[in-house]
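Examining the three-dimensional arrangement
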Amino acid sequence: MARAIGRVLLFLIVALLLAIVLVPPFLDRVYYRGPVSAHFDGERFFNPDGEDTAAPPTGGSRLGFFARFLTGSDGRPPWPESVPVTPTRPPARVEGERMLVTWIGHATVLVQTAGLNILTDPIWSETSGPFGFGPRRVAEPGVRFEDLPKIDLVLVSHNHYDHMDLTTLKRLWERDKPVIVTSLGNDALIRAVGIPDRNRVTDCPDCRGVDAWDWGGGASPIYGPNFEQATRQGKLLNGAMVYVTRNHHWGSRWFADRNRALWSSFTVKLPGGNIFFAGDTGIGDGKWPAEAAALGPIRLALIPIGAFRFVPGQMGTGSHIGPIDAVKVFDGLNAARAIPIHWGTFRLSYEAYHTPPRLLAEAMRCAGHDPRLFAPVGIGQTVEVPPLSPQPPATSLGLSCLDSPAVRNLK
């Protein structure tokens, strides 16, 4: 009996050692091949403004970070088990320069304007992780999937599970056949669930599918990548144009495939003022918002404010901006309006549930802004974005202003 148990244990040890050697290369995937660039070394992408996303946000070991997070033994403030949501039913279309925006939850936002229905990082799954594991929703989607209007354009910022939900993307493709714009390498993952590459022929009004671009690349939602030619031919979809723009993050579906695909933000050029979607980002060098602003005035910015605190008092990490850096992004964009995203749906970090929006209001006040210009909306709430108008300059953000009882009491 003891000999049999010993053999089983020996088999398990050998299997484990083989798995350690063989599984990581197996899980590694080469999503993109292309020339070396300022942010691609020929094998993996990197942040050209400095790499500060590799270490765990606590500064400790990665194993310890995951163990404390998964067991809830990091002293985190309590979160609600569930948050009540009253789903809304958006209109089928919004024509002209009128703009309606519905926060569906996390980084998923429906923007309706110029006859277009635009969806960012769509996720309707109950969990944000592989095989049904990972953080679970505390808030249901603000729009039931069956109540979504027909989607024309989907923006996918990177391949983390809470932003690239392949199950949802497949459902959208099967129902609506939208254009899906993303950054380099992510298209390989999206194609794997049966969504084809987009045909880039400029005279093909029915071309749909996934379209992957490097930073600085762009394509009209329906017609091809040549903006000047498309403009001359009058073939821009309702005057819209999508640009893939820089931000500061990283990508991975498994531990071994880190940075095989690129992360990005997006700028959607529209006659009534541009839309900016930050995706998931840290502050980095802080110059990338100005690069997006150079494409034209920004009427609406979608900027993350959550998952910024992994130890008490932390105000941001290399991978995520908190409310203070979010206001810096807002200023760098010179945006007329902004809506905070990436909070209140999946618990990904340490901070209390209401801390991100409350700290955002304090940071806006300290920056000399009207807090209503960058204020939260409820999940499932549809708001109308006013026409683009010049904004008064803000004063410089002073951290001393944030040294107040209201901020100190935020967990």
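I will try to describe carefully the structure that is included in this document. (Residues numbered from 1 in each chain as written. Predicted model: local features only at pLDDT ≥ 70, side-chain atom pairs only at ≥ 80, totals over all residues. Heavy atoms only, no water.)

1. A word on the state of the cysteines
Applying the stated rule across the entire model yields one disulfide. Between the sulfur atoms of C366 and its disulfide mate C401 the distance is 2.1 Å. Its S-S torsion of approximately -80° makes the covalent link between C366 and C401 left-handed. You can see C366 sitting in helix α8 (residues 355–366) and its partner C401 sitting in the loop between β13 (382–385) and α9 (405–408), a full 35 residues away along the chain. Looking at C401, the relative accessible area reads 28%, which means it is partly exposed. (Disulfide = S-S within 2.5 Å. Helix = DSSP H or I, 4+ residues; strand = E, 2+ residues; numbered from the N terminus. Buried < 20%, exposed > 50% of the residue type's maximum accessible area, 1.4 Å probe, protein only.)

2. Details of the layout of surface pockets
By volume, the second largest pocket amounts to about 250 Å³. Taken together, 17 residues form the lining of the second largest pocket, with P130, F131, Y161, L166 and R253 sitting closest to its centre. Tallied by class, the residues present in the lining of the second largest pocket amount to nine nonpolar, six polar and two charged. (1 Å grid on protein atoms, 1.4 Å probe; cavity = no way out; pocket = protein on both sides within 12 Å on 5 of 7 lines; lining within 4 Å. Points joined across faces, edges and corners; volume = space filled by probe spheres on them. Nonpolar A, V, L, I, M, F, W, Y, C, P; charged D, E, K, R; others polar.)

3. Regarding the packing of helix α7 (residues 323–333) against α8
Each pair of packed helices can be described by the angle between their axes along with the distance between the axes. α8 packs onto α7 with a crossing angle of 50° between their chain directions and a minimal axis gap of 8 Å. In terms of orientation, α7 and α8 fall into the oblique class. Seen along the crossing, α7 lies across α8 with a hand that is right-handed. For the pair formed by α7 and α8, the contact residues are P323, I324, V327 and F330 on the first element and P356, L359, L360, A363 and M364 on the second. Grouping the amino acids of the contact of α7 with α8 by side-chain chemistry returns nine nonpolar, no polar and no charged. (Axes fitted to C-alpha atoms, helices over the stretch in contact; angles between N-to-C directions. Parallel < 35°, antiparallel > 145°, perpendicular 65-115°, else oblique. Left-handed = near helix turned anticlockwise from the far one by under 90°. Contact = heavy atoms within 4.5 Å.)

4. Quick word on the packing of aromatic side chains
Overall, the coordinates contain eleven aromatic pairs when judged by the stated rule. Seen in terms of ring centroids, F40 and F45 are 4.5 Å apart; in terms of plane orientation they differ by 40°. Their pairing is tilted. The exposure class of F45 is buried, given its relative accessible area of 2%. The cationic tip of R171 hangs over the ring face of F145; the distance from NZ or CZ to the ring centre is 3.9 Å. In this arrangement the basic side chain of R175 is found over the ring face of F145, its NZ or CZ atom lying 5.3 Å from the centre. (Phe/Tyr/Trp six-rings, centres within 6.5 Å; stacked < 30°, edge-to-face > 60°. Lys NZ or Arg CZ within 6 Å of the ring centre and 35° of its normal.)

5. Focus: the sheet that holds strand β6 (residues 209–213)
Ordered in space as β6-β5-β4-β3-β2-β1-β13, the seven strands form an open sheet in which the pairing is mixed. Each of the sheet's edge strands pairs with one partner strand only, and the pair in question is β6 and β13. Taking the axes of each pair of neighbouring strands and ignoring which way they run, one obtains an average angle of 20° across the sheet. As paired strands, strand β5 (residues 179–183) and β6 are joined by five bridges and run parallel to one another. Note on β6: the bridge partner recorded for T182 is A212. (Pairing = 2+ DSSP bridges.)

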